[in-house]
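Structure at a glance
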Amino acid sequence: MADGNAEGGGGNVRVAVRCRPYNAREKQLGSPCVLRMADKTTTIVNPVTGDEKTFTFDYSFWSHDPSSADPPFASQQDVFDSVGADVLENAWRGYNVCLFAYGQTGSGKSYSMVGGGDAATEGVVPKACREIFARLRENPKQKAQVEVTMIEIYNERVRDLLDVATNANPFETPEATGLKVRTHPTVGSYVEGLTPCAVRDYAEVEALMARGANARTVAATNMNAGSSRAHTIVELRVRRWENDGSEVSSRISLVDLAGSERSDAAGSSGTRLKEGAAINKSLSALGNCIAALAERSSGKASSTKQIPYRDSTLTLLLKDSLGGNSRTVMIAALSPAAVNYEETLSTLRYADRARHIVSSAVVNRKKQNLVADNPLFDDPVRPQSAIPWADKLAHTRDQMSVDVDAARREHVAREVASVRDAAGGIAAPGASGVSAELQRDLESVILLANEANALCAEFDVGAHFEPTLVDAQSAALRIRAADEKTQTQSRRGGKSDESRATLNPNPNPNP
């Protein structure tokens, strides 16, 4: 969780467009070029009417002709230096970052993201992974942890590309539904059952990516001999511990979207047609989210307007990256040929809307010893709780990397104090009037109530939970506080007499 005092600064989604060379099909058709680029502007010319439309983006990369001097040819390294290096710098500062490529099928998205299969043409993803470990080697004394996941979204189903077991027979039967996408009020959307792979160097990342690339779903169409039939998301989670003990973390999401396609031009039928329909549907849902976020950011729509993230698996997983806690960059891949004029114009409009989205990214930094420094805890090791399900919840919260920042802990401390006062003024934390175990249980109940209320708010449930103590428990606490001063022997009854906090669901939002 981001530190409450952390630096914030999302800004607009940054957009780059890149024009690729002609492919074999376009050369065979003799289709003329309809694109021009100058500095940050991109102009497209209607091949029938001659009408021109000009768009301005953060970057316009001309990769159509290697011999071009004006505009200058943009190589893979040029694209990384302009886009990828900025993404890495933000990640190093502790921001969540996302880089995704969009465009019609065969427009060069995978080439920009992954590359051509050799060191000279490697794309943004391998260059970014290589640079991460190069930076870590510069400070070998700094503790760090890097984890990698790689998934694909095929026909709205999620598959772990790094899991050998699921890759053996992916979606072999119609009943195979893939991994589930869940939503948590604190961590956002996540893939249930997805196992991250810890890596020590770039060689291990390279091996994992090669495994994942071999497991990707690709097929030949009339427009692309190696068409991606699923969206691919590579995610790196980097955690670093600085000299003062604070932890800086970042989530780096690298998204290679499957290309939009027309069934007649692609020659799709049967399975390919079904795949294309699923791809177009998810990209349409992504376009609707981008349009709604752009309207909200520009003030044309209310801030309470519902964004349709749940319309597809893709948009649900990219919820944080689109206008949330992330700094996002989009690469729009363009075909220069007149035969693809409509698709190229649609991509430019898509990218133009995306650049109006404003995100709200913050630095992910955890201060040192949040648990140990809190008066509610005697030591940083979590003991066995008197509430049977509290430890299970705490373990689940730890597994999902959910923590409580300083501001929230202060709020919990105040709530515990108010419950203590309501119970008859039992001793303050650190005194001998109440056990540390009971204090922890009180905090667990309040945390449960807060999380339950957050879930109710997330799903518009008209219920409110409030931690309370019943009269019998209050009386027991008062007796213990009074007897503590005089009793020198062990308490009678042991733990059976120790009161336990309960959670009282109250449907009244203002109890």
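Report follows, based on the coordinates. (Residues numbered from 1 in each chain as written. Predicted model: local features only at pLDDT ≥ 70, side-chain atom pairs only at ≥ 80, totals over all residues. Heavy atoms only, no water.)

1. Notes on the side chain of Asn325
The following threshold applies: Where helices and strands are cited, they refer to DSSP runs of H or I of at least four residues and of E of at least two residues respectively, numbered from the N terminus. Whenever a nitrogen or oxygen atom comes within 3.5 Å of another N or O atom, the pair is scored as a polar contact, on the condition that within protein one atom can donate a hydrogen and the other can accept it, and that pairs from neighbouring residues in sequence are kept only if both atoms are in side chains. Contact between two residues is taken to exist if any of their heavy atoms lie within 4.5 Å; hydrogens are not considered.
In this structure, Asn325 sits in the loop between helix H9 (313-317) and strand E17 (327-334). A distance of 3.0 Å separates a polar atom in the side chain of Asn325 from the backbone nitrogen of Val362. Contact partners of Asn325, with chain neighbours within four places excluded, come to Asn96, Arg251, Asp320, Ser360, Ala361, Val362 and Asn364.

2. A closer look at helix H4 (residues 124-138)
Operational definition: To estimate how far a helix should extend, the number of its residues minus one is multiplied by 1.5 Å. Remark: exposure states derive from per-residue accessible area (1.4 Å probe, protein chains only) relative to the maximum for the residue type, with buried under 20%, exposed over 50%, and partly exposed in between.
With 15 residues, H4 extends 21 Å between its outermost C-alpha atoms, agreeing within 8% with the 21 Å of an ideal straight helix rising 1.5 Å per residue. When H4 is considered as a whole, its buried residues turn out to be Val124, Val125, Pro126, Lys127, Ala128, Cys129, Ile132, Phe133, Arg135 and Leu136.

3. Re the packing of H4 against helix H6 (residues 202-215)
Just so we agree on the cut-off: Between the N-to-C directions of two axes lies an angle of 0 to 180 degrees, each axis being a line fitted to C-alpha atoms and, for a helix, fitted only over the stretch in contact. An angle counts as roughly parallel when it lies under 35 degrees, as roughly antiparallel when it exceeds 145, as roughly perpendicular when it falls between 65 and 115, and as oblique in every other case. Left-handed describes a crossing whose near helix is turned anticlockwise from the far helix through less than a right angle; right-handed describes the clockwise counterpart. Amino acids outside the nonpolar list (Ala, Val, Leu, Ile, Met, Phe, Trp, Tyr, Cys, Pro) and the charged list (Asp, Glu, Lys, Arg) are all regarded as polar, and Gly is one of them.
Their axes nearest at 9 Å, the elements H4 and H6 cross at an angle of 155 degrees. In terms of their interaxial angle, H4 and H6 are classed as roughly antiparallel. As H4 packs across H6, the resulting crossing turns out to be right-handed. Contact residues: Val125, Pro126, Cys129, Arg130 and Phe133 in H4; Tyr202, Val205 and Met209 in H6. Here the residues of the contact of H4 with H6 sort into seven nonpolar, no polar and one charged.

4. A closer look at the pattern of salt bridges
Keep this limit in mind: Salt-bridge detection follows one rule: a side-chain nitrogen of Lys or Arg within 4 Å of a carboxyl oxygen of Asp or Glu.
Per the stated rule, a full pass over the model turns up 18 salt bridges. A salt bridge links Glu152 to Arg159; the shortest N-O distance between them is 2.7 Å. Overlapping salt bridges, with partners in common, bring together Glu235, Arg237, Arg251 and Asp320 in one network.

5. Some words on unusual backbone geometry
The peptide bond linking Asp70 to Pro71 adopts the cis configuration, its omega dihedral lying at 5 degrees. Backbone geometry places Asp39, a non-glycine residue, at a positive phi of 55 degrees. Tracing the chain through its elements places Asp39 in the loop between strand E3 (35-38) and strand E4 (41-45). Judged by its relative accessible area of 70%, Asp39 is exposed. At Asn155, a position not held by glycine, the phi torsion is positive, near 50 degrees. Structurally, the position occupied by Asn155 is in the loop between strand E8 (143-154) and strand E9 (157-160).

6. Focus on helix H2 (residues 76-92)
Each α-helix winds once per 3.6 residues, and so residues spaced three or four apart point in a common direction. Selection criterion: Each residue is assigned a bend, namely the angle between axes fitted to the seven residues that terminate at it and the seven residues that start at it.
Along its length, H2 reaches its greatest deviation from straightness, about 35 degrees, at Ser82. Buried within H2 are the following residues: Gln76, Val79, Phe80, Val83, Gly84, Val87, Leu88, Asn90 and Ala91. Following H2 by one or two positions, Gly94 adopts a phi angle in the positive range, close to 110 degrees.

7. Focus on the packing of aromatic side chains
Two measures describe an aromatic ring pair: the distance that separates the ring centres and the angle between the ring planes. We apply this condition: Side-chain rings of Phe, Tyr and Trp (the six-membered ring for Trp) are treated as a pair once their centres are within 6.5 Å; stacked means planes under 30 degrees apart, edge-to-face means over 60, and tilted covers the remaining angles. In our convention, an over-ring charge means Lys NZ or Arg CZ found within 6 Å of a ring centre and within 35 degrees of that ring's normal.
In the structure shown here, the tally under the stated rule is three aromatic pairs. A ring pair is formed by Phe55 and Phe57, whose centres lie 6.2 Å apart and whose planes are at 15 degrees; its orientation type is stacked. Take Phe55 and Phe57: they sit in the same class, and that class is buried. Taken together, a centroid distance of 5.7 Å and an interplanar angle of 5 degrees make the contact between Tyr59 and Phe61 stacked. Phe61 sits in the buried class, given a relative accessible area of 7%. Geometry around Trp92 places Arg240 over its ring, the cationic atom sitting 4.3 Å from the centre.

8. Quick look at the environment of Phe61
Following the sequence through the fold, Phe61 ends up in strand E6 (residues 59-62). Considered as a pair, Phe61 and Leu334 are 273 residues apart in the sequence and their alpha carbons are 10.0 Å apart. Excluding residues that lie within four positions of it along the chain, Phe61 makes contacts with Ala16, Val17, Arg18, Cys19, Met37, Ala74, Asp78, Val79, Ser82 and Val83.

9. Quick look at the nonpolar core
The condition is simple: What makes a nonpolar core is a set of buried Ala, Val, Leu, Ile, Met, Phe, Trp, Tyr and Cys residues whose side-chain atoms join them at distances within 4.5 Å.
One finds Leu35, Ile44, Leu257, Leu286, Met330 and Leu348 to be the most contacted residues of the largest nonpolar core, which totals 47 residues. Broken down by element, the residue count for this core peaks at eight residues, all from helix H8 (residues 271-298). By size, the runner-up hydrophobic cluster in this structure holds 43 residues, among which are Tyr59, Leu208, Met209 and Val238.

10. Overview of the sheet that holds E3
Put simply, the rule reads: We treat two strands as partners when DSSP finds at least two bridges between them.
The strand order across the open sheet formed by three strands is E3-E4-E5, and the pairing between neighbours is antiparallel. In this open sheet, the two edge strands, each paired with only one partner strand, are E3 and strand E5 (52-56). Across this sheet, the average inter-strand angle for adjacent strands is 20 degrees, counted without regard to direction. Pairing geometry for E3 and E4, over four bridges, is antiparallel. Paired with Leu35 across the strands is Ile44, a residue of E4. On the sheet, helix H10 (residues 341-354) packs against E3, E4 and E5 and is oriented at approximately 35 degrees with respect to E5.

11. Re the packing of H8 against H10
For the pair H8 and H10, the least separation of the axes is 8 Å and the interaxial angle reads 40 degrees. By the angle between their directions, the pair H8 and H10 is classed as oblique. For the pair H8 and H10, the sense of crossing is left-handed. Together, Leu283, Leu286, Gly287, Ile290, Ala291 and Ala294 of H8 and Tyr350, Arg353 and Ala354 of H10 make up the contact between the two elements.

12. Some points on the environment of Arg355
Among the structural elements, Arg355 can be located in the loop between H10 and strand E18 (358-359). Note on Arg355: relative accessible area 26%, which makes it partly exposed. Once residues lying within four places of it in the same chain are set aside, the contact partners of Arg355 are Asn12, Val13, Val15, Thr56 and Phe57.

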